[in-house]
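What follows is the residue order along each chain.
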Amino acid sequence: MELERITPEQAGIPSQAVLDFLDQLYEEGIEMHAFMLLRHGKVCAEGCWKPYNRQTPHIMFSFSKSLTSTAMGFAVQEGLLSLEDRLVDLFPDKLPEHPSENLQKCQIRHLLMMGCGHETEIPNLGQGDPDWIASFLHHPFVYEPGTHFLYNTAGTNLLAAILAKKTGQTLTQFLKPRLFAPLGMTDIACHPLPDGTEMGGAGMSLTIEDMARFVQFVAQEGRWEGKQLLNREWFAMATSKQIENRGAGWGGDPDWQEGYGFQFWRCAPQGVFRGDGAFGQYGVVFTQQDAVLVIQSASMKLQAVLTAAWDNLLPAFAPQPLPEDPRAFHRLQKRLERLELNPMLGMRSPGAESSLNGAVYLPQEPCPSFPDLVGGTGYLDPEGGSLHALSFSFQGEGGQLLLQESHGPSTLDLGLQGHFVSSQIRGTLFGANGRWRSKNTLEVEVRNTRLAGGRRLLFQFSGQEMLLSGDPTLPEEGGLSGPPMPTIRFRLQQGSVDTKTTMYWEQ
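Residues numbered from 1 in each chain as written. Predicted model: local features only at pLDDT ≥ 70, side-chain atom pairs only at ≥ 80, totals over all residues. Heavy atoms only, no water.

As named in an unreviewed UniProt entry, the protein is Beta-lactamase family protein, taken from Candidatus Acutalibacter pullicola.

The following block contains the structure:
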């Protein structure tokens, strides 16, 4: 089923309210990647910021948890498991020699509500640990289950492990015939942990429309195209307050203090709840207004994203369609057509570019493949391989980075006029935007469009040497943000380079 498209006014929303929403996000410095606004199940506004697009799945981080919760709902509905099933009965071979009383009390229900009793999470969310389930069960259960909220991604991963144990299927295999196929969602992938368990707490990737279809399904309490796929009672539990989370270490932001359901967050405005992933992957349901807002972004200001919706969209929902506003709708359409990440003003160095044409550089130490080198926020599955050589080509308005790798040759197109241009590297869409920062330093911002953040690469030329370094586009490193990039030393193999040239601004 295609999602029907209508104007904001037909949905009872002024086009100006959507413009005001976008303006506030821009003023707050929010890096947006995509959004879709639906009312009464129909899309009334949508857009993607280049180089991001509607077709490429985007890392969901903890928004994945809401999908895992829904899988557990299907399993309960089919009698495959019960919310009262105890961890000690599910994994008797993984238990400590003398399970604590709190561990013995812990049930599936407590994992769903983030109240298993842990005081801290296990290291690295179970990644890199082949026996992470045993590590989870040996981790101290300090509190009586159900009494203490701790955001616990490994606990959600354990739900995926329980589902696999009960059904013999991975999380995505289980959901495909029950959710993905009926809703017309594309083939969803989820990052696996070392033992093969899919990372239901953070590992899924979805397109913006797949997000919208899922959140609309939740808003409709499990009903899709006239069929009740999952019982309404599940959503009544999953989206209502199951445990208190006020003062649980989220910095006092109001939308993190309103209680937690079964892998869904309650929001401060009445009747509003959401699925929520790191750096601003949001699926918001306005129950009283019959509206859904889905967002893919890369922000450290998480409350500001939601506040922009509360300030501009929430008060604008009218009970009936509004008269068309051709001027505001035209402005909105033009705005949506031109969305892109903040452009980096293109500064050119014609002489340096000319001398770099044909120059080939070889790494003087082991160098990972280019996608691994770029990495990015949410890069969970390195491809391996190595980079053997790179060279540059500058022609007219753009340029190319030519890569010789163990996987074969690849080409990254470079925007040099202040805007990203896109290219495919082994099936993944990358965007790149470059400029000369100084007479001997080329800066290129690279985005893997499947990820939340990218890398700003610096190519620094000095005689026969080139240093390649990089910083993340998000001001954070480690964990889901990815490791820091090492500085790689390259040496000129052929060609000649003279970067002692003047530059000019690309108009």
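More follows now that the structure is in view.
When helices and strands are counted, the protein shows 14 helices and 23 strands. Whereas a compact globule of 507 residues would reach a radius of gyration of roughly 23 Å, the protein reaches 25 Å, a difference of no more than 12%. In the protein, which comprises 507 residues, the share counted as buried stands at 57%. Partitioning the contacts of the protein with sequence separation of at least 6, the portion at a separation of at least 24 is 64%. Summing over all exposed atoms, the protein offers an accessible surface of approximately 20,000 Å²; the carbon and sulfur share of this is 48%. Separation of charge centres in the protein, based on 40 positive and 56 negative side chains, amounts to 3 Å. (Helix = DSSP H or I, 4+ residues; strand = E, 2+ residues; numbered from the N terminus. Rg over C-alpha atoms; globule rule 2.2 N^0.38 Å. Buried < 20%, exposed > 50% of the residue type's maximum accessible area, 1.4 Å probe, protein only. Contact = heavy atoms within 4.5 Å. Areas by Shrake-Rupley, 256 points an atom, 1.4 Å probe, with all protein chains shown as cover. Lys, Arg positive; Asp, Glu negative; His and termini not counted. Charge placed at Lys NZ, Arg CZ, Asp CG, Glu CD.)

Turning our attention to the pairing of strand β10 (residues 281-286). Buried residues dominate β10, accounting for 6 of its 6 residues. Across the two faces of β10 the burial is the same, with Gln281, Gly283 and Val285 and Tyr282, Val284 and Phe286 all buried. Relative to β10, strand β9 (residues 272-277) runs antiparallel, the two being bridged by 6 bridges. Residue Phe273 lies in a different strand from β10, and its bridge partner there is Val285. Where β9 hands over to β10, the hairpin turn is made up of 3 residues, of which Phe279 adopts a positive phi near 65°. Inspection of the sheet shows β10 paired to strand β11 (residues 291-297) by 5 bridges, in the antiparallel sense. Counterpart to Val284 in the pairing with β11 is Leu293. (Pairing = 2+ DSSP bridges.)

With that settled, the discussion passes to the sheet that holds strand β3 (residues 58-59). The 3 strands lie next to each other as β3-β5-β4, forming an open sheet whose pairing is antiparallel. Each end of this open sheet is capped by a strand with a single partner; those strands are β3 and β4 (189-190). Both β4 and strand β5 (residues 204-206) contribute to a ladder of 2 bridges, which runs antiparallel. Along β5, the bridge assignment pairs Ala189 with Ser205.

Moving on, we get to the environment of Gly478. Within the secondary structure, Gly478 sits in the loop between β21 (465-472) and β22 (488-494). Given the relative accessible area of 31%, Gly478 is considered partly exposed. Counting along the chain gives 438 residues from Gly478 to His40, while the straight-line C-alpha distance between them is 41 Å.

Helix packing for two helices is described by the angle between their axes and how far apart those axes are. Between helix α2 (residues 64-77) and helix α7 (residues 153-167), whose axes approach to 10 Å, the crossing angle comes to 35°. The chirality of how α2 crosses α7 is left-handed. Contacts between α2 and α7 involve Lys65, Thr68, Ala71, Met72 and Ala75 on the former and, on the latter, Thr153, Thr156, Leu159, Ala160 and Leu163. Partitioning the contact of α2 with α7 into residue classes produces 6 nonpolar, 3 polar and 1 charged. (Axes fitted to C-alpha atoms, helices over the stretch in contact; angles between N-to-C directions. Left-handed = near helix turned anticlockwise from the far one by under 90°. Nonpolar A, V, L, I, M, F, W, Y, C, P; charged D, E, K, R; others polar.)

The subject of this paragraph is α2. The end-to-end C-alpha distance of α2, which contains 14 residues, comes to 20 Å, matching closely the 20 Å that a straight helix rising 1.5 Å per residue would cover. Counting buried residues along α2, 12 of its 14 residues qualify, which places the element largely inside the surrounding structure. Of all the positions in α2, only Ser64, Lys65, Ser66, Leu67, Thr68, Ser69, Thr70, Ala71, Met72, Gly73, Phe74 and Ala75 are classed as buried. (Expected span 1.5 Å × (residues − 1).)

Turning our attention to the sheet that holds strand β2 (residues 42-48). Read from one edge to the other, the open sheet built from 6 strands follows the order β2-β1-β11-β10-β9-β8, with strand pairing classed as antiparallel. A single partner strand is all that each edge strand has here, and the edge strands are β2 and β8 (265-266). Alignment of strand β1 (residues 32-39) against β11, held across 7 bridges, turns out to be antiparallel. Counterpart to Met32 in the pairing with β11 is Ser297. Packing of helix α11 (residues 302-312) onto the sheet brings it into contact with β9, β10 and β11, and relative to β10 it is tilted by some 30°.

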